[in-house]
Each structure stands twice: as structure tokens, then as C-alpha cells.
Protein chains: 2
Amino acid sequence: MSLAADTAEKPTLYKRIRADIEKRILTGEWPPGHRIPFEHQLMARYGCSRMTVNKALSELAQADLIERRRRAGSFVRRPQHMSAVLKIADIRAEITALGRTYGYELIHRKLRAATAADRDRLGVKKAGRVVAIACRHSADNVPFAVEDRLIDLSSVPEAATADFAREPPGSWLLHHVPWTEAEHTISAIVADERTAEALDIAVGAPCLVIDRYTWRSARTITAVRLLYPGDSHRLVARFEGG
Amino acid sequence: MSLAADTAEKPTLYKRIRADIEKRILTGEWPPGHRIPFEHQLMARYGCSRMTVNKALSELAQADLIERRRRAGSFVRRPQHMSAVLKIADIRAEITALGRTYGYELIHRKLRAATAADRDRLGVKKAGRVVAIACRHSADNVPFAVEDRLIDLSSVPEAATADFAREPPGSWLLHHVPWTEAEHTISAIVADERTAEALDIAVGAPCLVIDRYTWRSARTITAVRLLYPGDSHRLVARFEGG
DNA sequence: TTGACATATATGTCTAGACATATAATCGTG
DNA sequence: CACGATTATATGTCTAGACATATATGTCAA
């Protein structure tokens, strides 16, 4: 967004219109509630057809920057909430991205018929078979996170034969299961004795907990709990809106 | 999204096309890398003009569900990372949304020239004036979170005279400062004595920490640290992509 | 004053074309 | 066979219209 780029670049017209409006909103020149020019006014100003300005405005509406109301016009939206895009990468990718050596160790893997607790955790009603996995991720041989996972075999039968001693279940699922939806819950706990030992931290030390529940089209796939040493790990999220 | 709605509703054509394709991707029928039909094929299938299918495909591309390549076609994108939309609402809104009574209490407010520590925290180089605020939010008279905030007065001069005893700084900023960008860092700590007292929890209890740094067009606005009792508070994020 | 109705208007969607542009595939040449 | 030039093609953008639809606003009657 340098000044030079503004004159040197030759973006397409609708992108220029979109960028012009976005800029006025972002700088506060057009505050929330302000009505932006009507489509026919923008047509005149930019000397183009309505479809072109419509495309620009539609994208701004899709990005929640403006709100469009029939007969009334288009208005700058009031920021409604802080929404952040939290990138929770595959742990291996996360570690290697930091330039550290990734280590993985399977602690245990058990195939069993779903217990009542398993069904509750996966949010399914009828019993089926599941795989329960516990493993540990490390960076430069220092414990990074411990993972406790349950996979629903009625949704992902191939997981019964996958070699989780070689490949972490997260990576395996990422490459074997198509688009999914997920829900994350982030909380904090203090390490109990078992956790402290696994993460090589003191009992009572803070831990960041991520519980992720993943499904695809109403079918449960997996539930996982990740425990990170709380003082060394950070989740970073960058955002839009405010 | 009931079955009845599927037949009863009469969405516009481009939305139907978009939904049809999205469904095939989400169910895995069209796996990552799969080439979706060309625009002219979709024109024939739906009996419409190219602009209509183009609008559907453009929106899917904007949502990162497909990737479009000239001359080659459009392809289902490989899930690249777990990205989650984390809604970090205004705390007052968050509490009232839960049907609980919101309480707010200003602990202290100090106007001062930025110290070296302040400049570091705000990420600015030259000194200026800042407001430092400490306050506490409660739900049904139970401590919910403590807030420690710094506002850069050279960016938001009106903050010098705002009445933060009446209105929480988060709400005030949300309504007085236009669109901003932010970066969040989430971590866990254990409560020290001061924190424990403020949150009415035991020393050594886990706390969830959210550090938020907010700016607008390269201008720093505010830096805030929020501390929540870790065992009672949860951040929930729902998502896309897997 | 209020409520029912008519009207004007801005956006929502769509068409049947057009030219531009990036690039996969093909062809030709050394 | 390797490599550069050509061509075909799918997407990217745009036009000048059209009709649909929701709704703000004004009008008129109870």
C-alpha cells in the first residue's frame, strides 16, 4: 500500500472502487452508520456500469464492512464484535515453521467399543468402535504438547489400521478426511501429576488447554484435548474488526 | 436447514449453484484437488448465463473453498490449516448474552507521559501521553475478569477525558474508534497474590490470559491484558476448514 | 393522530454478449 | 530430445440493458 503503488499499479476497476471505499471506512472518514454513495452515483463517478460497482459493494458486504438495505442504500457497519482468525496449525507444521526439530511419540493406542464416557465426549448416541490415542509432541526434544484423542471409527473406519506410531493422528486426519467443521474451547488448568510428568514441568504449573471437537456434515469425527505448558506456549490470532 | 426448507425455499439461482457445489465439497464427494465443472458446463447444467455461475464460483473462491486457475479450471482447495473464528466479544455483551448481570468497577486510572515500558508495550518509538487503566468485570457479582489497559493518547486524544468510571474502556473504544486491526495472544498463568485477590480465587489457581494489541492503519491504539479464572472461563471458537 | 394504501427508488438478480489475460497444450525447430 | 513459439481455452472483467423485490415515504381516509 505504498504511495507509489497507488499510481503505478493498475488494478481492475471494481477492485479500485472497493479499495477506495474500504480505505475511507478504515481511516474513519466514513464512520459506522454513514451512508455510502448510491450505486448510480458511483457509476457516474467512476464512469462504469452498475454491475461493476455492484461487484465492489457486494464484496464489501460479504466482508461485513458494509450493510446493504433495499431502497435505503448501503451503510458502513458498526463493528459488532472482535472476531479473530485463530490459526491452529497442525502441530508438526507449527514446530517446523519455527525452525525447530519436530519430535513425536505415541504413548498408547487402544481400539475399543465406545464406552458411555466416549459417547459423551464424541457427542454421539449409539455405541460404535473408537480409537483412543495418547501421544506427545516435542520441539528440539523438549515436550511441546500432550495430546489425548478419540476417533469415531464409524465415521473414519480407515483410522483402525492407520499407523499412529509413525504419523501423528492430527496430520493423518488432516490428509485423510475432507473438509470438516470444528469447535474449539480454550481454557487453563494447572498441571496434575501425570500431566506434569508428561510435559516435564512442575505440578501446579499453568497449562493451556485446547479442546477440539471435529465433525463433517453432522457426523462426528474426532475429539481431542491438547495440553501445552502455559507459560511457554502462546496462541496468536490476528484479526479483522474491532 | 430442515428438509422442508430445502424444497420450500426458492433461493436465487446463483446461491443454489454455490450451495450445490459447497455441499459436494463438504461431504467429500469432491475431494481436495478435484476439478469442478467448467463454467460453460455449469451454464448448460443450470441453463443460465456465465455471469451467474461466475458469481457463484467467485464467492466460493473468496471463501477459500476453491481455487481458480486460468485456462486450467477451478479446483477444490486442500485444507491448509485449521483456522478458527474466535469471537472475542465486548465483555459486557458476553456477560449479558449469558443472561447474567454485568458489573463493572474501575480500579485505577492514570494519565501520564509514556514510560519506556509503556512504549514497549504499545510498540511505539517516540514518547507521548497515555492512559493506564485497571478495572474489573463481574457477572452476578462474581469476578469475571480483570483488565489492565494502556491507551495511546496520540492516537485517541478523546480518551483523556472519557469517563471510564462509568463506561468500561473496551466498550468506549468500540464505540469511539472506527475499524481496527488487532492481534491476540492467548496463554495461561497461575494467579499471583494480587491477581488472586482481584479475581477472588486461590493463589496458584490457573488463569487464562488474553493479550490484545489493537491498531488502525499502522497507528497503535491500545494494548490490553485480560485475566480470567481459568477453570471457569472458556473461549469458544467455531470454524471452517480442517 | 393513526392506519391503510399507493408510489418511488435502491438494491438483487440475471442476460447475452464482448474483449483481456494467463497458461496448458501443441507444434516446430535446432 | 530440449526448448522456444504458437494456439487454444478457461477464467477475469466489463457493458447496457432488463425485471424482481423490499421498503422508505408520501397520501388519503377514518
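The rules behind these values
- Residues numbered from 1 in each chain as written.
- Chains lettered and ligands numbered in written order.
- Predicted model: local features only at pLDDT ≥ 70, side-chain atom pairs only at ≥ 80, totals over all residues.
- Heavy atoms only, no water.
- Helix = DSSP H or I, 4+ residues; strand = E, 2+ residues; numbered from the N terminus.
- Rg over C-alpha atoms; globule rule 2.2 N^0.38 Å.
- Buried < 20%, exposed > 50% of the residue type's maximum accessible area, 1.4 Å probe, protein only.
- Contact = heavy atoms within 4.5 Å.
- Areas by Shrake-Rupley, 256 points an atom, 1.4 Å probe, with all protein chains shown as cover.
- Near = heavy atom within 4 Å.
- Polar contact = N/O pair within 3.5 Å; in protein donor to acceptor, adjacent residues only side chain to side chain.
- Nonpolar A, V, L, I, M, F, W, Y, C, P; charged D, E, K, R; others polar.
- Pairing = 2+ DSSP bridges.
- Buried area = accessible area lost by both parts, 1.4 Å probe.
- Salt bridge = Lys/Arg side-chain N within 4 Å of Asp/Glu carboxyl O.
- Core = buried A, V, L, I, M, F, W, Y, C linked by side-chain atoms within 4.5 Å.
- UniProt positions renumbered as here; feature names shortened; annotations may be inferred.
- Least-squares fit on C-alpha atoms with pLDDT ≥ 70 in both.
- Axes fitted to C-alpha atoms, helices over the stretch in contact; angles between N-to-C directions.

### Examining the overall build of chain A
The secondary structure content of chain A amounts to eight helices and 11 strands. Computed over its C-alpha atoms, the radius of gyration of chain A comes to 25 Å, more than 25% above the 18 Å expected for a compact globule of 242 residues. Principal-axis analysis of the C-alpha atoms places the extent of chain A at approximately 70 × 40 × 30 Å. The buried share of chain A, taken over its 242 residues, is 46%. By sequence separation, contacts in chain A at least 24 residues apart represent 58% of the contacts at least 6 residues apart. If you sum the accessible surface of chain A, you get close to 12600 Å²; carbon and sulfur atoms cover 51% of it.

### Let's talk about the protein's contact with DNA strand D
As a structural note, the neighbourhood of DNA strand D is formed by 24 residues, with L13, T52 and R71 of chain A together with R50 and R68 of chain B the closest of them. Within 4 Å of the protein, the contacting atoms of DNA strand D are drawn from sugar and phosphate to the extent of 64%. Separating a base nitrogen of DNA strand D from a side-chain N or O atom of R71 of chain A is a distance of 2.8 Å. E39 of chain B places a main-chain nitrogen or oxygen 3.0 Å from a phosphate oxygen of DNA strand D. Of all the secondary structure elements, the ones that give two or more residues to the surface near DNA strand D are α2 (13-27) and α4 (50-62) of chain A together with α3 (39-46), α4 (50-62), β2 (66-69) and β3 (73-76) of chain B. Looking at which element gives the most residues to the surface near DNA strand D, the answer is α4 of chain A, with four residues. Taken together, the residues of the surface near DNA strand D sort by class into six nonpolar, seven polar and 11 charged.

### Remarks on the pairing of β2 of chain B
Judged from the four bridges that link them, β2 of chain B and β3 of chain B form a sheet pairing that is antiparallel. Bridge pairing links I66 of chain B to V76 of chain B in β3 of chain B.

### Regarding the interface of chain B and chain A
Every contact between the two is made by 63 residues of chain B and, on the other side, 62 residues of chain A. For the chain B and chain A pair, buried surface summed over both sides reaches about 5100 Å², with 60% attributable to carbon and sulfur atoms. Where chain B packs against chain A, one counts zero salt bridges. Where chain B meets chain A, there are three residue pairs in polar contact (both at pLDDT 80 or more). Mapped onto the side of chain B that touches chain A, the elements with two or more residues apiece are α2 (13-26), α4, β4 (82-88), α7 (169-176), β8 (181-190), β9 (206-216) and β11 (235-240) of chain B. Looking at which element gives the most residues to the side of chain B that touches chain A, the answer is β8 of chain B, with 10 residues.

### Brief notes about the nonpolar core
Among the nonpolar cores identified, the biggest contains 66 residues, and I186 of chain A together with I186 of chain B are the most heavily contacted of them. The contacts of I186 of chain A, once residues within four sequence positions are left out, are L86, L208, V209, I210 and L235 of chain A together with I186, L208, H233, R234 and L235 of chain B.

### Overview of the UniProt feature "domain: HTH gntR-type" (unreviewed entry) in chain A
Summarizing the sequence annotation, UniProt attributes the feature "domain: HTH gntR-type" (unreviewed entry) to residues 11-79 of chain A in the numbering used throughout. Taken end to end, residues 11-79 of chain A is 52% helix and 14% strand, and its first and last C-alpha atoms sit 28 Å apart.

### Notes on the protein's contact with DNA strand C
Surrounding DNA strand C, one finds 24 residues, the nearest of these being R50, M51 and R68 of chain A together with L13 and T52 of chain B. In DNA strand C, atoms within 4 Å of the protein come from the sugar-phosphate backbone in 64% of cases. In this structure, a phosphate oxygen belonging to DNA strand C sits 2.4 Å away from a side-chain N or O atom of R68 of chain A. With respect to DNA strand C, the side chain of R71 of chain B contributes an N or O atom lying 2.9 Å from a base nitrogen.

### Focus on the side chain of D90 of chain A
Tracing the backbone through its elements, the reader meets D90 of chain A in the loop between β4 (82-88) and α5 (91-97). Apart from residues no more than four positions distant in its own chain, D90 of chain A is found in contact with G170, S171 and L174 of chain A.

### Some remarks on the relation of the copies chain B and chain A
Superposing chain B onto chain A requires a rotation of 179° together with a translation of 0.1 Å along the rotation axis, leaving an RMSD of 0.4 Å. Such a turn and shift between the copies fits a two-fold axis. No C-alpha of chain B approaches the rotation axis more nearly than that of V85 of chain B, which lies at 2.2 Å. Take the interface residues of chain B: 98% of them recur as interface residues in chain A, which is what a same-surface contact looks like.

### Points about the sheet that holds strand β1 (residues 35-36) of chain A
Sheet strands pair by backbone hydrogen bonding; their relative direction is either parallel or antiparallel. Residue and element names in this part refer to chain A. Taken in spatial order, the three strands make up an open sheet running β1-β3-β2, and their pairing is antiparallel. Of all strands in the sheet, those bounded by a partner on one side alone are β1 and β2 (66-69). Of the pairings in the sheet, the one linking β1 to strand β3 (residues 73-76) comprises two bridges and is antiparallel in character. Within the sheet, the bridge partner assigned to R35 lies in β3 and is F75. Docked against the sheet, α4 engages β1, β2 and β3, running at close to 120° with respect to β2.

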